[in-house]
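A closer look at the structure
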Amino acid sequence: MAPAAAHRTASVDGAVPEADTAVYEAVFNAAVAADERIEPRDWMPDAYRSTLVRQIAQHAHSEIIGMQPEANWISRAPSLRRKAILMAKVQDEAGHGLYLYSAVETLGVSREELLDKLHTGRQKYSSIFNYPTLTWADVGAIGWLVDGAAITNQVPLCRCSYGPYARAMVRVCKEESFHQRQGYELLLALSQGTPEQHAMAQDAVDRWWWPSLMMFGPPDDESAHSAQSMAWKIKRHSNDELRQRFIDICVPQAKSLNLTLPDPDLRWNEERGHYDFGPIDWAEFREVIKGNGPCNEQRISQRRKAHDEGAWVREAAAAYAAKHNGATGAAVEPSADTADMNGKA
Ligand code: FAQ
């Protein structure tokens with residue numbers, strides 16, 4: 001093993017002689033600079049590990065809480081085709097949560113601990129899922145705008161310096177791309193339908209546009225973590241860069257949908273080569289992430305209920321795993337937490 005490689009992996013148990021820390025850190029920094037992936041058994045700074053746990057956990061929680069607003073419409077989808085598509089989408093979101101919880105577990109945190117932190121408000125989930133889904137058109141607006149924003153944010157995460165997160169993102173982005181298209185197609189059908197259907201689509205876009213822009217996080221000059229996360233190549237672009245990219249993509253798409261975006265200041269800026277846009281209500285964003293959004297309480301209480309109702313499945317899976325281990329001596333981890341993912345609004 002080359003000396004550099006040895007220094008990347010020698011600290012699996014975390015016991016690095018103090019004198020060696022600087023060498024390990026230099027090897028870690030060189031790997032990040034060379035765009036190599038950091039893997040679970042590699043040495044990494046404690047702050048890198050805790051930043052990843054914070055971001056990936058928040059991402060995982062967003063995926064499973066994000067099932068609720070759309071699951072609200074499964075039983076009322078207007079056709080069998082729409083119902084099948086929506087069920088598949090909501091199941092995909094559960095899958096994304098599972099890949100992401102697995103990615104956090106590689107950093108030495110148990111899923112139980114992560115879920116406990118979600119349920120007790122010690123870890124966040126995306127602000128966007130604290131808004132209600134009032135009409136069927138909201139399912140289209142979520143697909144087009146929320147999944148669209150998620151893709152814009154997550155495609156660069158496929159190149160995140162932490163291997164398990166980057167690899168999970170590849171599949172997540174492929175599925176999000178399908179989600180975005182089904183939302184666009186749903187809105188297009190409504191927009192081309194009766195005047196009432198067009199109005200319903202417009203109303204949904206009016207309500208989801210600004211919260212979607214908030215998904216990218218606070219403005220760069222207020223983003224506590226961006227600079228360090230970009231230096232570590234966890235994030236590849238700043239919050240404002242990605243928000244601008246998303247706006248530039250959405251404006252022509254809104255035109256094709258024959259829908260307007262609720263911002264009178266939106267106009268092409270030739271000099272910048274981007275669309276200018278109006279002020280975002282950051283006071284609203286701060287209130288929502290503090291827990292005072294329209295649906296925060298409902299989302300968390302539904303999540304806790306689903307978790308409690310899934311307790312018997314976790315117990316059964318753990319008992320099965322223990323029995324199986326006894327019989328074969330093999331290490332079989334229970335993956336019992338899938339059963340309680342589908343909280344409904
Ligand atoms: N909501 O310093 P920054 C989806 C917090 S998945 C709530 O800029 P950072 C798929 C932030 O945590 C959507 N909190 O933070 C889907 C920090 O607080 P802390 C989720 C937010 O990490 C579709 C503080 O503000 N996607 O939609 C938000 O560098 C449909 C300061 O912020 C991801 O999680 C927010 N919007 O950048 C599912 C993607 N923004 O932790 C179902 C991965 C910021 O110090 C249906 N995450 N905060 O207490 C990221 O890319 C980043 O974490 C950002 C924030 C960009 C979200």
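Rules used throughout
- Residues numbered from 1 in each chain as written.
- Predicted model: local features only at pLDDT ≥ 70, side-chain atom pairs only at ≥ 80, totals over all residues.
- Heavy atoms only, no water.
- Helix = DSSP H or I, 4+ residues; strand = E, 2+ residues; numbered from the N terminus.
- Buried < 20%, exposed > 50% of the residue type's maximum accessible area, 1.4 Å probe, protein only.
- Contact = heavy atoms within 4.5 Å.
- Areas by Shrake-Rupley, 256 points an atom, 1.4 Å probe, with all protein chains shown as cover.
- Near = heavy atom within 4 Å.
- Polar contact = N/O pair within 3.5 Å; in protein donor to acceptor, adjacent residues only side chain to side chain.
- Nonpolar A, V, L, I, M, F, W, Y, C, P; charged D, E, K, R; others polar.
- Core = buried A, V, L, I, M, F, W, Y, C linked by side-chain atoms within 4.5 Å.
- Phe/Tyr/Trp six-rings, centres within 6.5 Å; stacked < 30°, edge-to-face > 60°.
- Lys NZ or Arg CZ within 6 Å of the ring centre and 35° of its normal.
- Salt bridge = Lys/Arg side-chain N within 4 Å of Asp/Glu carboxyl O.
- Axes fitted to C-alpha atoms, helices over the stretch in contact; angles between N-to-C directions.
- Parallel < 35°, antiparallel > 145°, perpendicular 65-115°, else oblique.
- Left-handed = near helix turned anticlockwise from the far one by under 90°.

Looking at an unreviewed UniProt entry, one finds the chain named 1,2-phenylacetyl-CoA epoxidase subunit A, with Streptomyces macrolidinus as its source organism.

Attention now goes to the overall build of the chain. When helices and strands are tallied, the chain shows 14 helices and 2 strands. Of all 345 residues assigned to the chain, the portion counted as buried reaches 50%. Taking the contacts inside the chain whose residues are at least 6 apart along the sequence as the reference set, 76% of them involve residues at least 24 apart. Here the chain has roughly 16300 Å² of accessible surface; of this, 55% comes from carbon and sulfur atoms.

In this section: the site of the ligand. Near the ligand, the surroundings consist of 36 residues, among which Gln58, Lys124, Ser223, His225 and Lys235 are the closest. One of the side-chain N or O atoms of Lys124 is found 2.4 Å from an oxygen atom in the ligand. Look at the ligand: alone it shows 1100 Å² of surface, and the protein chains cover 92% of it. Sorting the residues of the shell around the ligand by element identifies helix H3 (46-65), helix H5 (80-105), helix H7 (137-154), helix H8 (163-191) and helix H12 (282-292) as the ones contributing at least two each. Along the lines of polarity and charge, the residues of the shell around the ligand split into 13 nonpolar, 14 polar and 9 charged.

As a further point, take the environment of Lys83. Along the polypeptide, Lys83 turns up in helix H5. Through-space distance from the C-alpha of Lys83 to that of Trp73 is 8.5 Å; in sequence the pair is 10 residues apart. The contact partners of Lys83, leaving out residues within four places of it in the chain, are Ile74, Ser75 and Ala77.

Within the largest apolar cluster, 84 residues are counted, with the highest numbers of intra-cluster contacts made by Tyr48, Ile56, Trp144, Tyr162, Trp208, Trp209 and Leu261. Tyr162 has contacts with Arg37, Ile38, Glu39, Pro40, Met44, Tyr48, Leu52, Ile56, Ala103, Thr106 and Leu107, leaving out every residue within four places of it along the chain.

Once that is clear, we can look at the packing of aromatic side chains. Enumeration over the complete set of coordinates arrives at 10 aromatic pairs. Relative to Trp232, the ring of Tyr48 has its centre 5.5 Å away and its plane inclined at 85 degrees; by these criteria the two rings are edge-to-face. Residue Tyr48 is located in helix H3, and its partner Trp232 is located in the loop between helix H10 (226-231) and helix H11 (239-257); the two are separated by 184 residues in the primary sequence. Residue Tyr48 shares its accessibility class with Trp232, and that shared class is buried. Ring centres 6.4 Å apart and planes at 65 degrees place the aromatic pair Trp73 and Trp136 in the edge-to-face group. On the criterion of sequence distance, the pair formed by Trp73 in the loop between helix H4 (67-71) and H5 and Trp136 in the loop between helix H6 (111-119) and H7 is long-range, its members being 63 residues apart. Of the two residues, Trp73 and Trp136, both sit in the buried class. Taken together through their ring pairs, the aromatic side chains of Tyr24, Phe28, Trp43, Tyr48 and Trp232 make up a single cluster. The ring of Trp73 is capped by Arg76, whose NZ or CZ atom sits 4.0 Å from the centre of that ring.

Take unusual backbone geometry next. Even without being glycine, Asp35 reaches a positive phi, approximately 65 degrees. Within the secondary structure, Asp35 is located in the loop between helix H2 (21-33) and H3. Not every positive phi belongs to a glycine, and Lys233 is a case in point at roughly 60 degrees. Along the chain, Lys233 falls in the loop between H10 and H11.

Considering all chains together, one arrives at 19 salt bridges under this definition. The salt bridge involving Asp240 is made with Arg243; its shortest N-O contact spans 2.7 Å. Residue Asp240 and its partner Arg243 are located together in helix H11, separated by 3 residues, close to a single helical turn. Under the relative-accessibility criterion, Arg243 is labelled buried at 1%. Lys305 is the salt-bridge partner of Glu309, the closest N and O atoms lying 3.5 Å from each other. Taken as a pair, Glu309 and Lys305 lie in helix H13 (residues 296-309) at a separation of 4 residues, close to a single helical turn. On the accessibility criterion, Lys305 (44% relative accessible area) is partly exposed. A single salt-bridge network, built from bridges that share partners, covers Glu70, Lys89, Glu93 and Asp147.

On to the packing of H5 against H6, then. The geometry of H5 relative to H6 is characterised by a closest axis approach of 9 Å and an angle of 115 degrees between their N-to-C directions. Put simply, H5 runs roughly perpendicular to H6. For the pair H5 and H6, the sense of crossing is right-handed. Between H5 and H6, the residues in contact are Leu98, Tyr101, Ser102, Val104 and Glu105 and Arg111, Leu114, Leu115 and Leu118, respectively. For the contact of H5 with H6, the per-class residue count stands at 6 nonpolar, 1 polar and 2 charged.

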